[in-house]
Every structure is written in structure tokens, then in C-alpha cells.
Amino acid sequence: MANEELRLENQNFKNCKISEIKNKFLTIYRCRFNNVEFENSFHEVYASFKECEFEECVFRDTFQGEDLELIVQENIFINCAFECICYRSFQVQSNIVNCKFINCNFIDIAIEGDLSFIGLELKSGTIENFSFHGNQVMQNSFSDLQISNMDLECAFIKNRLERIDLKGVKIKEYCKDNILIECEPNTIEMM
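Quantities reported herein were computed from a predicted structural model and do not represent experimental measurements.

A. The overall build of the protein, seen in detail. Of regular secondary structure, the protein possesses 0 helices and 22 strands. For the protein, the C-alpha radius of gyration of 16 Å lies close to 16 Å, the compact-globule estimate for 191 residues. For the protein, the C-alpha atoms occupy an extent of roughly 50 × 35 × 25 Å along the three principal directions. For the protein, buried positions account for 42% of its 191 residues. Contacts in the protein between residues at least 24 apart in sequence constitute 16% of all its contacts with a sequence separation of at least 6. On the protein, roughly 9,800 Å² of surface is accessible, and the fraction owed to carbon and sulfur atoms is 45%. Each charge class in the protein can be summarised by its mean position, and for the 19 positive and 32 negative side chains these summaries are 3 Å apart.

Structure, rendered in C-alpha cells:
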């Protein structure tokens, strides 16, 4: 039912689709997902995903509303695809913190609002058509990625980029103390 809390803890999900979640409070803690497709439209919800493992999953979710709060913390994503993700919320701070993304692909992502990416590790995979107009991208590690058509309007601070193939990357706002190793720095347009 809508407006009730849905809490999942220490559960395993495999070869299924999770869609049309209507709960106002969603807490997923220490769960495992293998070959799961997520397709939800979250509006005015508190959603928390902590200490979970996602392998070979596909995400096509929309997050919007003034009172939306999204907390994604200490999760591991392996061989996952994030497609057509939309996030729009400005009243409450949301965070994606201390997560690992290994061989994941991010395609057609549009994010606007009070959202921060902090302490993430992204290894291998692609980021394509990624627009982020939010708070900050800080203290993250990016390695062995192909990044094309990425537009960041945020604070981009203390990130490490290593062996990244960059094409069409624009960073607006504050950009400081980033480390680029085996990257072509002139492929990043800072405005």
C-alpha cells in the first residue's frame, strides 16, 4: 500500500523485476540483488539503500519531488547498467556515498538538485550523456573508464581520474585539487 514503510533486510533477490514501488519510506539494508531489473518512479519519498550488493542489475528509475531524500551508502555494484535515470529535487540533501561501481555503464542520466557524490570508486565501464547539476562530486576515484558527453555543474573537488578516455566533458562551477593520471587534461572544458 502507498504511504507505508517497506523495509527489506538481509534478503536475496535473483532474476526478477522490481517495479512500481509506491511506499513513502523505503529502506533496503544488507540485501543482495543478482540480475534484477529496477524500474520505479519515486515521488516525495525517503529511499535508503545501505550495504547492499548488486550484480548484473539494470536500473531505470525516476526520482522527483520537493521532499525526496535518497541515501545510497556503502553499496557494491558489479556489471550493472544505469539507463535513463532522472533525479530532480531541491529541498532535501541526498547523498550517494562510499559505494563501489565495477564495470558499470551509465547512459542518459539527468540529475538536478541537492545531491552529492562523495567517496565513490568507479572502475571500468562507460559514462555517456551524463548531466549533473547538483552540489558536489568530491573525493571519488575514477579509473579505466570511457566518459563522453558529460556536463557537470557542481563543485568538483579532490577526485582522482586514472586512465580515463574523455570526450566532451564540461565542468562548470568550482574545480580544485583533482588528480589526472594518464588522462588527456585538454579534453576537459572548465568554465
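Anyway, onward from the coordinates.
B. Structural view of the pattern of salt bridges. Using the criterion set out here, one finds 14 salt bridges in the structure. Arg-60 is paired through a salt bridge with Glu-39; the nearest N and O atoms lie 3.8 Å apart. One end of the pair, Arg-60, is in the loop between strand S8 (58–59) and strand S9 (62–64); the other, Glu-39, is in strand S4 (residues 32–39), and 21 residues separate them in sequence. Residue Arg-60 is classed as partly exposed on the basis of its relative accessible area of 29%. Taking the shortest distance from any N to any O, the salt bridge between Arg-60 and Glu-83 comes out at 2.9 Å.

C. Summary view of the nonpolar core. Among the nonpolar cores identified, the biggest contains 55 residues, and Phe-33, Phe-54, Phe-77 and Phe-82 are the most heavily contacted of them. Among the elements that line this core, the one with the most residues is strand S14 (residues 100–118), at 7 residues. Discounting chain neighbours no more than four positions away, the residues touching Phe-82 are Phe-59, Phe-77, Phe-101, Cys-104, Asn-105, Phe-106, Ile-107 and Ile-109.

D. Representation of the side chain of Asn-140 within the structure. Here Asn-140 is to be found in the loop between strand S15 (121–138) and strand S16 (141–143). One polar contact links the side chain of Asn-140 to the main-chain carbonyl oxygen of Phe-117, over a distance of 3.1 Å. Once you skip the residues sitting within four places of it in the chain, Asn-140 turns out to touch Phe-117, Ile-118, Gly-119, Leu-120, Lys-158, Asn-159 and Arg-160.

E. Seen up close, the packing of aromatic side chains. A complete count under the given rule lists 18 aromatic pairs for this structure. Geometrically, the ring pair formed by Phe-33 and Phe-54 is stacked, given 4.8 Å between the ring centres and 5° between the ring planes. Separated by 21 residues along the polypeptide, Phe-33 in strand S4 and Phe-54 in strand S7 (residues 53–55) bring together distant segments of the chain. Grouping residues by exposure puts Phe-33 and Phe-54 together as buried.

F. Broad picture of unusual backbone geometry. Not every positive phi belongs to a glycine, and Ser-124 is a case in point at roughly 65°. Tracing the sequence through the fold places Ser-124 in strand S15.

G. Representation of the environment of Thr-27 within the structure. The topology assignment puts Thr-27 in strand S3 (residues 25–29). Since its relative accessible area comes to 12%, Thr-27 is described here as buried. Considered as a pair, Thr-27 and Glu-5 are 22 residues apart in the sequence and their alpha carbons are 7.9 Å apart.

H. Fine view of the environment of Cys-175. With respect to the secondary-structure elements, Cys-175 resides in strand S20 (residues 175–176). Taking the relative accessible area as the measure of exposure, Cys-175 reaches 28% and is therefore partly exposed. Taking the C-alpha atoms as reference, Cys-175 lies 30 Å from Tyr-46; in sequence the two are 129 residues apart.

Rules of the game
Residues numbered from 1 in each chain as written. Predicted model: local features only at pLDDT ≥ 70, side-chain atom pairs only at ≥ 80, totals over all residues. Heavy atoms only, no water. Helix = DSSP H or I, 4+ residues; strand = E, 2+ residues; numbered from the N terminus. Rg over C-alpha atoms; globule rule 2.2 N^0.38 Å. Buried < 20%, exposed > 50% of the residue type's maximum accessible area, 1.4 Å probe, protein only. Contact = heavy atoms within 4.5 Å. Areas by Shrake-Rupley, 256 points an atom, 1.4 Å probe, with all protein chains shown as cover. Lys, Arg positive; Asp, Glu negative; His and termini not counted. Charge placed at Lys NZ, Arg CZ, Asp CG, Glu CD. Salt bridge = Lys/Arg side-chain N within 4 Å of Asp/Glu carboxyl O. Core = buried A, V, L, I, M, F, W, Y, C linked by side-chain atoms within 4.5 Å. Polar contact = N/O pair within 3.5 Å; in protein donor to acceptor, adjacent residues only side chain to side chain. Phe/Tyr/Trp six-rings, centres within 6.5 Å; stacked < 30°, edge-to-face > 60°.

The quantities given are spatial measurements derived from coordinates; they are silent on function.
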